[in-house]
Amino acid sequence: SAQPRLCSPTSQLCTQYITAPQGLEDMARKIHNSTLLLAKGLSESGNVIENPMFFDTLKISPRLDMGEIKIRAQEVHINLRYFPDGCVGVSLDETVCQKDVKDLLWVFQCPKTIQQVAEGVASPMYPEGSILSSNEFQRTSPYMTHPVFNTHHSETDMVRYMKRLENKDVSLVHSMIPLGSCTMKLNSTTEMMPCSFPGFTNLHPFA
């Protein structure tokens with residue numbers, strides 16, 4: 001029962017190590033800007049964004065019937081959140097691409113293409129309507145300044161670093177561990193490779 005609690009935070013930490021700090025900012029901007037484009041396209045086509053302050057998630061009051069939205073979303077294999085009050089929820093993450101935004105605009109029957117929506121954006125860094133355009137939400141203090149966050153920028157470097165940390169601790173090859181160990185340590189790398197398959201890693205939270 002302890003394995004999921006340990007391994008999920010560890011994988012998130014590895015991502016932060018490899019991408020930080022500039023990579024995390026680039027990832028966040030990609031997610032937020034994609035959400036802004038989607039919100040702009042939806043608003044211009046008659047839909048209402050119920051949460052004007054957002055980062056990656058929109059609650060939309062659609063102009064189309066919810067049944068029609070469900071049918072169109074199924075056609076492009078997109079899972080949406082359907083609220084009891086008739087609103088629809090959309091959340092984007094770091095895997096979002098132009099095709100995803102294009103498909104979402106199609107689902108809500110927006111006449112404009114993603115390129116046409118983007119033409120109206122004046123500042124890519126701080127677009128109109130972005131929470132980043134407000135001083136209240138802009139971060140001014142530095143983050144992840146420790147050398148360890150700015151040294152390991154590849155998976156192999158990260159694995160070697162973790163191996164060095166492991167060698168500082170007691171292990172099954174050094175001593176007896178009375179209470180056992182995490183199952184992950186007993187599996188070879190090749191056995192764990194299927195865990196990175198898209199069918200496992202890209203599951204939608206509502207699937």
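Since the model is a prediction, treat every value here as computed from it, not as a measurement.

Right, let's get into the confidence of the model for the protein chain. When pLDDT is averaged along the protein chain, the result is 80; 78% of the residues meet or exceed 70. Least confident of the elements in the protein chain is helix α1 (residues 2-19), whose mean pLDDT is 51; most confident is strand β4 (residues 88-91), at 95. Of the regions scoring below 50 in pLDDT, residues 1-9 engages in six contacts with residues more than four places distant in sequence or in other chains.

Our focus in this paragraph is the packing of aromatic side chains. In this structure the tally under the stated criterion is zero aromatic pairs. One cation-aromatic arrangement involves Arg72 over Trp106; the distance from NZ or CZ to the ring centre is 4.0 Å.

All right, on to helix α2 (residues 22-44) then. Its 23 residues place the ends of α2 33 Å apart at the C-alpha level, agreeing with the 33 Å of an ideal helix rising 1.5 Å per residue. In this fold, the buried residues of α2 make contact with β1 (48-49), β2 (57-61), β4, α4 (98-107) and α5 (114-118). Once α2 ends, the next one or two residues include Gly46, with phi positive near 100 degrees.

Looking at soluble globular proteins, one finds that nonpolar side chains tend to be buried together. In this structure, Leu38, Leu42, Leu58, Leu80, Val90 and Phe108 are the most contacted members of the largest nonpolar core, which totals 27 residues. At the level of elements, α2, β2, α3 (66-75), β4, α4 and α5 are the ones that each hand at least two residues to this core. By residue number, the principal contributor to this core is α2, which donates five residues. Dropping the residues within four chain positions of it, Val90 is found in contact with Leu38, Asp56, Thr57, Leu58, Ile60, Leu80, Leu104 and Phe108. Counting six residues, the second largest nonpolar core, distinct from the first, contains Val148, Phe149, Met158 and Tyr161.

Conventions used here
- Residues numbered from 1 in each chain as written.
- Predicted model: local features only at pLDDT ≥ 70, side-chain atom pairs only at ≥ 80, totals over all residues.
- Heavy atoms only, no water.
- pLDDT = per-residue confidence, 0-100.
- Helix = DSSP H or I, 4+ residues; strand = E, 2+ residues; numbered from the N terminus.
- Contact = heavy atoms within 4.5 Å.
- Phe/Tyr/Trp six-rings, centres within 6.5 Å; stacked < 30°, edge-to-face > 60°.
- Lys NZ or Arg CZ within 6 Å of the ring centre and 35° of its normal.
- Expected span 1.5 Å × (residues − 1).
- Core = buried A, V, L, I, M, F, W, Y, C linked by side-chain atoms within 4.5 Å.
- Buried < 20%, exposed > 50% of the residue type's maximum accessible area, 1.4 Å probe, protein only.

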